[in-house]
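What follows is each chain in one-letter form.
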Amino acid sequence: MSKLASSDRIVYRTCPLCEATCGLELTVRDQRVVRVRGDRDDVFSGGYLCPKGVALGQLHDDPDRLRQPLIKTDSGFREVSWEQAFAHVEAGLRAVLARGDRNAVALYAGNPVSHNLGANLYLRPLVRALATQNFYTASTVDQMPKHVVSGLMFGDPQALPVPDVDRCEWLLMLGANPWESNGSLWTAPNLPARLKALTRRGGKLVVVDPRRTRTANHASEHHAIRPGTDALWLLALAQVIVEEQLAKPGRLASMTDGLESLHDLLAPFTPQAVAVHCGIAAQDTRRLARELAASPAAAVYARFGSHAARFGTLAAWATELLNVLTGNLDRAGGVMFPRGAHERARHGAAGGKGFRIGRFRSRVRSLPEVMSELPVATLAEEITTPGRGQIRALLTVAGNPVLSTPAGAQLAQALDSLEFMVSVDIYLNETSRHADVILPPPSPLERSHYDMFFYRLSVRAIANYSEPVFDAKGPDESHILARLALIARGEGAAADTTIIDRELLDELVQRELAHADSMLSGQQIEQVEAMLDGDVPCDRIVDFLLRSGPFGEGFGRNPDGLSLAQLRAHPHGLDFGPMQTQLPGLLKTPSGHIELLSPLVHEELARIRAQLLDPAPRTELLLIGRREFQSNNSWLHNLPGLAAGHASCVLHMHPDDARERGLGDGGTVRISSSAGSVVVPLAVTADIVSGVVSLPHGYGHQLTGVRLGIAAGVAGASVNDVVECEVEGPSGNAVLNGVAVRVEAA
Ligand SMILES: Nc1nc2c(c(=O)[nH]1)N[C@H]1C(S)=C(S)[C@@H](COP(=O)(O)OP(=O)(O)OC[C@H]3O[C@@H](n4cnc5c(=O)[nH]c(N)nc54)[C@H](O)[C@@H]3O)O[C@H]1N2
Ligand SMILES: Nc1nc2c(c(=O)[nH]1)N[C@H]1C(S)=C(S)[C@@H](COP(=O)(O)OP(=O)(O)OC[C@H]3O[C@@H](n4cnc5c(=O)[nH]c(N)nc54)[C@H](O)[C@@H]3O)O[C@H]1N2
Ligand code: SF4
Ligand SMILES: [Mo]
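The sections below set out a description of the structure shown in this document. (Residues numbered from 1 in each chain as written. Chains lettered and ligands numbered in written order. Predicted model: local features only at pLDDT ≥ 70, side-chain atom pairs only at ≥ 80, totals over all residues. Heavy atoms only, no water.)

What follows covers the overall build of the protein. What the protein contains, in helices and strands, is 25 helices and 28 strands. Over its C-alpha atoms the protein spans a radius of gyration of 25 Å, differing by no more than 12% from the 27 Å that the globule rule assigns to 746 residues. Each of the three principal axes of the protein carries a C-alpha extent, and together these read 65 × 65 × 60 Å. The proportion of buried residues among the 746 residues of the protein is 63%. Long-range pairs, those at least 24 residues apart, make up 73% of the contacts in the protein between residues at least 6 apart in sequence. Where the 72 positive side-chain charges of the protein centre and where its 82 negative ones centre are 2 Å apart. (Helix = DSSP H or I, 4+ residues; strand = E, 2+ residues; numbered from the N terminus. Rg over C-alpha atoms; globule rule 2.2 N^0.38 Å. Buried < 20%, exposed > 50% of the residue type's maximum accessible area, 1.4 Å probe, protein only. Contact = heavy atoms within 4.5 Å. Lys, Arg positive; Asp, Glu negative; His and termini not counted. Charge placed at Lys NZ, Arg CZ, Asp CG, Glu CD.)

Here's what the structure looks like:
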């Protein structure tokens, strides 16, 4: 670290690299970040940070990060002006759209969209403008089961309950490893400290994971479950609670439909019946069910490992079922529904339109749409199968599906058969190398930030705004997406993007005005818009949402209330307290109740009952993933501080399985499935249960045509080259955990 100079500038910023929203303190000298530390005064993270936050300056400086648009020519990619790039996009898309089939153009949006204010706000106008059924996101390789369950149970797919970790006494955690992931759909910086505090105050943390993870090492108990069986095991917990009459839904009883049918429905799922499938002893299951039911403040939380696996939707359902049965849903110390400071109070009575899936279906496999999305596991087949609706052009925004979605190698081939492809991305990587045009948005330090997405999932109501640290050299991502939207609408590459800015803001203002008690009633949209603060459209939207939100300034009604100006004056953020009770007002089901048993849940229960009678053969190994502290999906391996000496795309295998196959620690192995095969180093470890092997995703950067100087030198292969295009059930989420594989010496 260089010594501080008197001209150095200190700036505070919310880290946009994961869901934890840590506050960072950056020391800036000229055009460079010379030091990153945790902001000790940050109201939420109190100084915590991880190695990725430290590397934010390296990301900004990375010479491989694109600063100028690229177009593909016969002799490789060439830098062009933004005008040339957009003109090229217009010509390419027009040629495909001219044939009159909107579904011929597809869109894939990746994970960083949710971490980027501009992309987050401007994706929707682009989706609307494209008017295609072929809309895909990383949600179907991640958390779609949770949305389906919230949609069915609560009537709102975005109403995702999170563990109230700071007040919880008994936490059951499945398929999650927050010690390394820093939490998922659960925004709480420094979860390790929060979980340690839980056990220190006499609480209990139970971790269920095929691997003994760092989180498991800190747990009160760890149980190694067989991949893909979380739903069965959670159903057994519920079975015990109902059978032994331990259910205490309390105030939830009068607002929950379906409780009376549970006894019969759950009857087959006894701890004894599921034990052979899950690998967890019946007496442990029974004991844990009793402990869960007895605790005054307990939470059940399942994440990635439970959802991106077979019966992920049912696992998500059984999770919330347990929280309802024990009265812990919407209760302090249980799981609660967060509300961001930018989210208007959900006023009024319970009840609404409810939630439906399958309003249209995928063309080739006839899988149902969920939240207007199709499963990304079907993307390759939708590109390669001829007929009306065949995808002929693709836009990717902040996504790397060649490494992050099933059968990545096959998808890469399919991408080469497209007529036209555009990638909005900061790197020339495994996916964007297939594009005809790459449009690079600014670095995270060249844009303002308010974590709109993750403050909706936060254990406390936090508001924190970050100014850009450096001036952007090119258009903001919001501007790029607005331009793409205008091109898709046929308004041309040169159309005025303020049209989209205006539409977006108008829509928000109108939604506010539609409330009977609106603080803006009687005002014209123009008057409201004239009052807004902010140099760029995204900031004006944030100002609007904060001022009209639950703690807002209310456009004069509450002069001391929240606004963008107030956040500017509080660079360490503002904390509006813990989560609050939201039921029944939040429920948007037709009945206005928590609807436990939709037809879809009945179908899934019937499907899993059939599996109960038919134990799967155990001849093959089951492949699962894992995340590593220093890594972030597929795209931070190009930073020296993260890749060098840390990256480890190594297969983990139990000693018994290695012995059986004559494999030794440090050897090289071939992993094969029906989708393909990869060759990687082997580490033999008792930290994984026998019968299961684990390989992290997001590696395999040696593909031709990438411009990733450091990452290309990082060893490893893409686990998704051996993952099949199977989906788990109604959510369409890919089965990324529990893939049957063979492993042999290479
Ligand atoms: N086998 C297996 N597969 C998995 C997983 C697993 O555990 N196992 N995890 C899954 C999960 S949870 C997820 S979320 C997905 C992620 O899937 P994706 O979102 O498709 O992949 P990422 O690796 O996050 O790639 C993000 C891309 O965005 C680019 N990028 C970074 N910042 C920005 C930005 O600000 N703007 C733009 N336009 N581009 C940016 C990066 O260069 C990169 O190309 O992967 C899934 N795939
Ligand atoms: N360091 C780091 N942090 C990240 C990311 C990253 O790539 N690196 N990615 C971010 C993203 S996009 C996400 S979605 C989150 C995910 O964050 P988490 O939800 O915490 O998920 P993971 O860390 O992948 O941990 C999943 C665990 O599930 C286990 N598992 C696999 N199959 C099963 C199963 O069938 N049942 C059970 N019970 N367990 C199973 C795995 O062994 C693993 O330990 O992390 C985010 N944070
Ligand atoms: S834990 Fe997440 S938010 Fe915090 S510094 Fe690391 S990457 Fe950034
Ligand atoms: Mo994710």
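Still to come is the rest of the account.
The environment of ligand 3 is made up of Cys 15, Leu 17, Cys 18, Ala 20, Thr 21, Cys 22, Leu 49, Cys 50, Lys 52, Gly 53 and Asn 182. Class assignment of the residues belonging to the shell around ligand 3 gives a composition of 7 nonpolar, 3 polar and 1 charged. (Near = heavy atom within 4 Å. Nonpolar A, V, L, I, M, F, W, Y, C, P; charged D, E, K, R; others polar.)

What follows is about the site of ligand 2. Taken together, 30 residues are adjacent to ligand 2, and Asp 209, Asp 230, Glu 628, Ser 631 and Asn 633 come closest. Arg 627 places a polar side-chain atom, nitrogen or oxygen, 2.8 Å from an oxygen atom of ligand 2. At 2.7 Å from an oxygen atom of ligand 2 is found a main-chain nitrogen or oxygen belonging to Asn 633. A total of 920 Å² of accessible area belongs to ligand 2 in isolation, and the protein chains cover 97% of it. Going through the elements one at a time, α6 (178–181) and α13 (304–307) are the ones with two or more residues in the shell around ligand 2. Partitioned by chemical class, the residues of the shell around ligand 2 number 8 nonpolar, 13 polar and 9 charged. (Polar contact = N/O pair within 3.5 Å; in protein donor to acceptor, adjacent residues only side chain to side chain. Areas by Shrake-Rupley, 256 points an atom, 1.4 Å probe, with all protein chains shown as cover.)

Proteins that are soluble and globular tend to have nonpolar side chains buried together. Formed by 160 residues in total, the largest nonpolar core has its most connected members in Trp 233, Trp 317 and Leu 439. Per element, the largest residue contribution to this core is 11 residues, and it comes from helix α9 (residues 230–243). With 56 residues, the next largest nonpolar core counts Ile 383, Leu 621, Ala 643 and Val 680 among its residues. (Core = buried A, V, L, I, M, F, W, Y, C linked by side-chain atoms within 4.5 Å.)

To continue, consider the sheet that holds strand β2 (residues 23–29). The 3 strands are arranged β1-β2-β3 in an open sheet whose pairing can be described as antiparallel. With one partner strand each, in any of the chains shown, β1 (9–14) and β3 (32–38) form the two edges of the open sheet. Strand-to-strand, the axes of this sheet are offset by a mean angle of 30°, without reference to chain direction. Here β1 pairs with β2 via 6 bridges, running antiparallel. Looking at β2, one finds that Ile 10 is bridged to Thr 27. (Pairing = 2+ DSSP bridges. Axes fitted to C-alpha atoms, helices over the stretch in contact; angles between N-to-C directions.)

Glancing now at α9. The end-to-end C-alpha distance of α9, which contains 14 residues, comes to 20 Å, matching closely the 20 Å that a straight helix rising 1.5 Å per residue would cover. Within α9, 13 of the 14 residues are buried, which leaves the element mostly enclosed by the surrounding structure. Following α9 by one or two positions, Gln 245 has its phi on the positive side, about 55°. (Expected span 1.5 Å × (residues − 1).)

What follows covers unusual backbone geometry. Along the chain, Leu 583 connects to Pro 584 via a cis peptide bond; the corresponding omega equals 5°. Here Pro 584 shows up in the loop between β21 (574–578) and β22 (594–595). The backbone phi angle of Asn 190 is positive, close to 60°, even though this residue is not glycine. Even without glycine at this site, Phe 555 takes up a positive phi of about 50°. Along the polypeptide, Phe 555 turns up in the loop between α21 (537–548) and α22 (564–568). With a relative accessible area of 12%, Phe 555 lands in the buried category.

Moving on to helix α12 (residues 282–294). Given a rise of 1.5 Å per residue, 13 residues ought to cover 18 Å, and the 18 Å separating the end C-alpha atoms of α12 matches this to within 8%. Looking only at α12, the buried set comprises Ala 282, Thr 285, Leu 288, Ala 289, Leu 292 and Ala 293. Seen from one end, α12 has its buried residues packed into an arc of 130°, which puts them on one side. In α12, the exposed positions that point more than 90 degrees away from the buried face belong to Gln 283 and Ala 294. (Arc of directions from axis to C-beta.)

Another point: the side chain of Ser 478. Summarising the element assignment, Ser 478 is placed in helix α18 (residues 477–488). Beyond its immediate stretch of four places on either side in the chain, Ser 478 contacts Gly 118, Tyr 122 and Cys 538.

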